[in-house]
Amino acid sequence: MLKIVPLSGTLCDGSSVRGSKGTEDCRNYSITVFALLFGILPSFGFGQTYGSATNRITVKVQAITVLQISAGIINLSITGSNAIAGQDQMMTTDQTSTLAWGTNSSTKKITVNTSLATPKFTLQLVALNPTVGTAASQVTLSTTAADLLTNIGRSSGTCGLLYTAIALASQGTGTDAHTITFTVATQ
Amino acid sequence: MTFVAVLAFLLSTFGTAQITVNGGNQTMTITTGVAGGQPVSVLNTSCTLSYTRQSKISKITVATSCPGQSFNLSVVATNVTRGNPAPQVSLVNGNPATDLVTNIPNSGTRNSTCTLQFTASSTFSQGNSTELGNDVHTITYTLLAQ
């Protein structure tokens, strides 16, 4: 039989006590007993949970955009083997390089432009088989950025790059050196 | 006097924290990525847990509250002085508490510690904090009978 000896409180009859040594069978103190047994003590290890602690971890992801070209230098040479008797236009293609990208921003596209303001010959580019996004139609490279891939927002993907160099026999010989820039831009 | 003695005993015995997390709040920032791949994950080992031996074999569970969670966060206990580290736990808002350390003995050394190794990761398709906001996890570690 658990005996509760109150230090202070209210007796059943409403009178106050302090330091009572009596054995009052008081409902108020019965409630205290239950609180101890079923409320406080379990939290001190008599139940399942002994304690808990918390902290806060904030995860921040910056806007990230990355592009990578598989090949640094590409040479397209138009030789006699590209010429057809009776036709002014000669062409050659290169499909050895690929473009990889990653962006976690929405509504993005990839554009392309060349540094060569006045090329003698024509250089065209088209994206092949993009894993994400929509390939634009073939672009004739100029210093003005043109769409290569659209609708790539928040994705990681790759595509092939098909370059086509076109020369006219009437343009004679020469060399065009392009520095080509790919840019992830807001669509 | 009897009551005072019992209360004093309870407070002295159980009044101290049975589990505490040290190292405070942390921010983990993902800043780089791999073209054709994914953003590079970030590790944080600045926080530790201190926990106390109990009368029964016990364990520690972990759970998170992160409304509107966009990115990935996981945790694993390392350098566990007493008990067995559980496999890495993915902290997902709404998931039930999952074991972090198990089989903490009920005898021997009173105080134990472990290091909390957090890994934050994301995919490009999950977006960024500028558009979606940060993930703020309130993580709860609970010491309980196993």
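Keep in mind that this is a model prediction, so the values were computed, not measured.

(A) Summary view of the sheet that holds strand β8 (residues 98–104) of chain B. With mixed pairing, six strands are arranged side by side in an open sheet as β2(B)-β3(A)-β10(B)-β4(B)-β8(B)-β6(B). The sheet is open, and its two edges are formed by β2 (26–30) and β6 (84–85) of chain B, each paired on a single side. Judged from the five bridges that link them, strand β3 (residues 49–61) of chain A and β2 of chain B form a sheet pairing that is parallel. Pairing of Thr58 of chain A across the sheet is with Thr27 of chain B, part of β2 of chain B.

(B) The interface of chain A and chain B, seen in detail. Between chain A and chain B, the contact holds 35 residues from the first and 54 residues from the second. At 13 residues, β3 of chain A tops the list of elements feeding residues into the side of chain A that touches chain B. Among the residues making up the side of chain A that touches chain B, the classes are represented as 14 nonpolar, 18 polar and three charged.

(C) Main features of the pairing of strand β7 (residues 122–128) of chain A. Residues and elements named next belong to chain A. As paired elements, β7 and strand β11 (residues 155–168) share seven bridges and run antiparallel to each other. Counted as the bridge partner of Leu123 is Ala165 from β11. Pairing of β7 with strand β9 (residues 139–140), which is carried by two bridges, proceeds in the antiparallel orientation. In the strand pairing of β9, Gln124 is matched with Thr140.

(D) Quick look at the sheet that holds strand β12 (residues 180–186) of chain A. All names here are of chain A. The antiparallel open sheet is built from four strands, whose spatial order is β8-β10-β6-β12. In this open sheet, the two edge strands, each paired with only one partner strand, are β8 (134–135) and β12. In the sheet, strand β6 (residues 108–114) pairs with β12 via seven bridges, with the strands oriented antiparallel. Paired with Asn113 across the two strands is Thr181, which belongs to β12.

(E) Geometry of the environment of Cys114 of chain B. Residue and element names in this part refer to chain B. Relative to the helices and strands, Cys114 resides in strand β9 (residues 111–121). The class of Cys114 is buried, set by 23 C-beta atoms lying within 10 Å. Between the C-alpha atoms of Cys114 and Val101, which are 13 residues apart in sequence, the distance is 8.9 Å. In contact with Cys114, not counting residues within four places along its chain, are Thr48, Leu49, Ala77, Thr78, Asn79, Val80, Thr81 and Val101.

(F) Examining the nonpolar core more closely. Leu49, Ile60, Leu100, Val101, Ala120 and Tyr141 of chain B are the most contacted members of the largest nonpolar core, which has 34 residues in total. For Ala120 of chain B, the contacting residues outside a window of four places in its chain are Val59 of chain A together with Met28, Ile30, Ser41, Val42, Phe71, Asn72 and Leu73 of chain B. Trp101, Ala127, Leu141 and Leu149 of chain A belong to the second-largest nonpolar core, a separate cluster that totals 12 residues.

(G) The arrangement of the confidence of the model for chain B in detail. Residue and element names in this part refer to chain B. Residues of chain B with pLDDT of at least 70 account for 89%, and the chain-wide mean is 92. Here residues 3–14 is modelled with pLDDT under 50, and outside its nearest four sequence neighbours on either side it reaches five contacts, counting other chains as well. Both scores are available for the predicted complex, with the pTM at 0.78 and the ipTM at 0.90.

Rules of the game
Position numbers for residues start from 1 in each chain and track the written sequence from start to end. Naming scheme: in the order in which they are written, chains are lettered from A and ligands are numbered from 1. Local features in a predicted model are, by the rule used here, given only for residues with pLDDT of at least 70; side-chain atom pairs are given and counted only at 80 or more, and totals for whole chains, interfaces and linings are based on all residues. If DSSP finds at least two bridges between two strands, the strands pair. Each helix is a run of H or I in the DSSP string that is no shorter than four residues. Each strand is a run of E no shorter than two, and both are numbered from the N terminus. We call two residues in contact if the C-beta atoms placed from their backbones are at most 7 Å apart. Three categories are distinguished: nonpolar for Ala, Val, Leu, Ile, Met, Phe, Trp, Tyr, Cys and Pro, charged for Asp, Glu, Lys and Arg, and polar for the others, with Gly belonging to the last. With C-beta atoms placed from the backbone, the exposure class of a residue follows from how many other C-beta atoms lie within 10 Å of its own: 20 or more, buried; 12 or fewer, exposed; in between, partly exposed. A set of buried Ala, Val, Leu, Ile, Met, Phe, Trp, Tyr and Cys residues, joined through C-beta atoms within 7 Å, is what we mean by a nonpolar core. Across the chain, each position has a pLDDT score giving the predictor's confidence in that residue, from 0 to 100.

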